[in-house]
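# Examination of the molecular architecture
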Amino acid sequence: MKNILLAILCLVSFNAFAQLGPQITFEQRGLKLDSVVSGTVVNVTYYFKNTGDSPVKLTKVKATCGCTIPSYPKYEIQPGTRDSITAVFDTKGRKGYQAKGINIESTAGPKSLVFEILVTEPDTPIKEEVDAIEVEDHSGHNH
């Protein structure tokens, strides 16, 4: 019985002093954005916190396609510090449902982020101008 209690006490003590190392915890790793018209430039921000007990260094952050450009902190993020990764998505020439990924390599291990957005076609202002001309008021004179 004493040996079992001693073993449990050792395990509890060991876990209490164990280090976490660098840890990244994202507020959201997947985002669903409102729909936008093609040609809109969309800025996306992912907030995270170093929830570990040592600094985190992001070593590589890369989007899964060339239409999305990520930017990220190049410095070490200290334990307890909140920071962010941003991405700029150019919707020009894109339409329909879009899902874009961002892959992260860091001292806390690999992580993946994604955002989803619906890109719609812009209205054609030429048609609106033609419709406006067709409904001109011609009352009071004969054609």
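Placed above this text is the structure.
First, a word on scope: everything that follows refers to the structure included in this document. Here the structure is a predicted model, which is why all the values come from computation and not from measurement.

## As for the overall build of the protein chain
Helices and strands together make up the secondary structure of the protein chain, namely two helices and nine strands. Order of helices (α) and strands (β) in the protein chain, N terminus to C terminus: α-β-β-β-β-β-β-β-β-β-α. Within the protein chain, buried positions represent 27% of all 143 residues. When the accessible surface of the protein chain is split by element, carbon and sulfur atoms take 56% of a total near 9900 Å².

## A word on the environment of Leu-33
Mapped onto the fold, Leu-33 is located in the loop between strand E2 (30–32) and strand E3 (36–37). Using a relative accessible area of 28% as the deciding quantity, one classes Leu-33 as partly exposed. Considering only alpha carbons, one finds Leu-33 and Phe-115, 82 residues apart in sequence, at a separation of 7.1 Å. With sequence-adjacent residues up to four places away left out, Leu-33 is seen in contact with Val-42, Val-44, Phe-115, Glu-116 and Ile-117.

Cut-offs and rules
Residue indices follow the written sequence of each chain, beginning from 1 at its first position. Totals for whole chains, interfaces and linings use every residue, but because this is a predicted model, local features are given only for residues with pLDDT of at least 70 and side-chain atom pairs only at 80 or more, for both listing and counting. To get the side-chain values, all heavy atoms of the structure are used, and hydrogens and water are removed first. Helix numbering and strand numbering both begin at the N terminus, where a helix is a DSSP run of H or I of at least 4 residues and a strand a DSSP run of E of at least 2. Partly exposed residues are those whose accessible area sits between 20% and 50% of the maximum for their type, while under 20% is buried and over 50% is exposed, using a 1.4 Å probe and protein chains only. For accessible areas, the Shrake-Rupley method is used with a probe of radius 1.4 Å. Any residue's cover is judged against the shown protein chains and nothing else. We call two residues in contact whenever any of their non-hydrogen atoms come within 4.5 Å of each other.

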